[in-house]
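Commentary on secondary and tertiary structure
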Amino acid sequence: MAYLKEFWKAKGINSNMINFADGSGLSPQNYVSAKAEVQALLYAKKQAWFDSYYDGFPNQDNGMKMKSGTMRDTKSYAGYHTSRDGKKYVYSIIINNYQGSGSTELQKILNILK
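Here is a short report on the structure shown in this document.

Conventions adopted
Residues numbered from 1 in each chain as written. Predicted model: local features only at pLDDT ≥ 70, side-chain atom pairs only at ≥ 80, totals over all residues. Heavy atoms only, no water. Helix = DSSP H or I, 4+ residues; strand = E, 2+ residues; numbered from the N terminus. Buried < 20%, exposed > 50% of the residue type's maximum accessible area, 1.4 Å probe, protein only. Contact = heavy atoms within 4.5 Å. Pairing = 2+ DSSP bridges.

1. Notes on the side chain of S76
Mapped onto the fold, S76 is located in strand β4 (residues 74-82). By relative accessible area, S76 is classed as buried at 18%.

2. Focus on the environment of P58
One can find P58 in the loop between α3 (50-55) and β3 (65-71). The exposure class assigned to P58 is partly exposed, which follows from its relative accessible area of 36%. Through-space distance from the C-alpha of P58 to that of G79 is 9.3 Å; in sequence the pair is 21 residues apart.

3. A few points about the environment of K5
Tracing the backbone through its elements, the reader meets K5 in helix α1 (residues 2-10). Residues K5 and F20 lie 15 residues apart in sequence; the distance between their C-alpha atoms is 7.3 Å. In contact with K5, not counting residues within four places along its chain, are S15, I18, N19 and F20.

4. Examining the pairing of β3
Pairing geometry for β3 and β4, over seven bridges, is antiparallel. Bridge pairing in β4 places M66 opposite G79. Taken together, β3 and the strand that follows it, β4, pair antiparallel across an intervening segment of two residues, in which D73 is found at a positive phi of about 60°.

Next up, the structure:
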């Protein structure tokens, strides 16, 4: 796991914003900040393989290309969006202590980007 931390550190991500405790991604000791996620997504945009990577992101009903993740009381969303006026966004949203149901809270947040 030290290799992953060093890889992202070399790409400009502060090592205090990430931790890889295991390879499963399921451990509560794994963490990444929203800023680190955005930095990783921006890094990906500059790579030759980006088009294939981007195509792998699910299309959402709101037109965004977004991947979600859920862990006990935490929901996260990260991806790419082009607004109606053509402005491009790379974003990461992490909601901790999430007690809601459905996507009401998420939609409130994402409507800002529209």
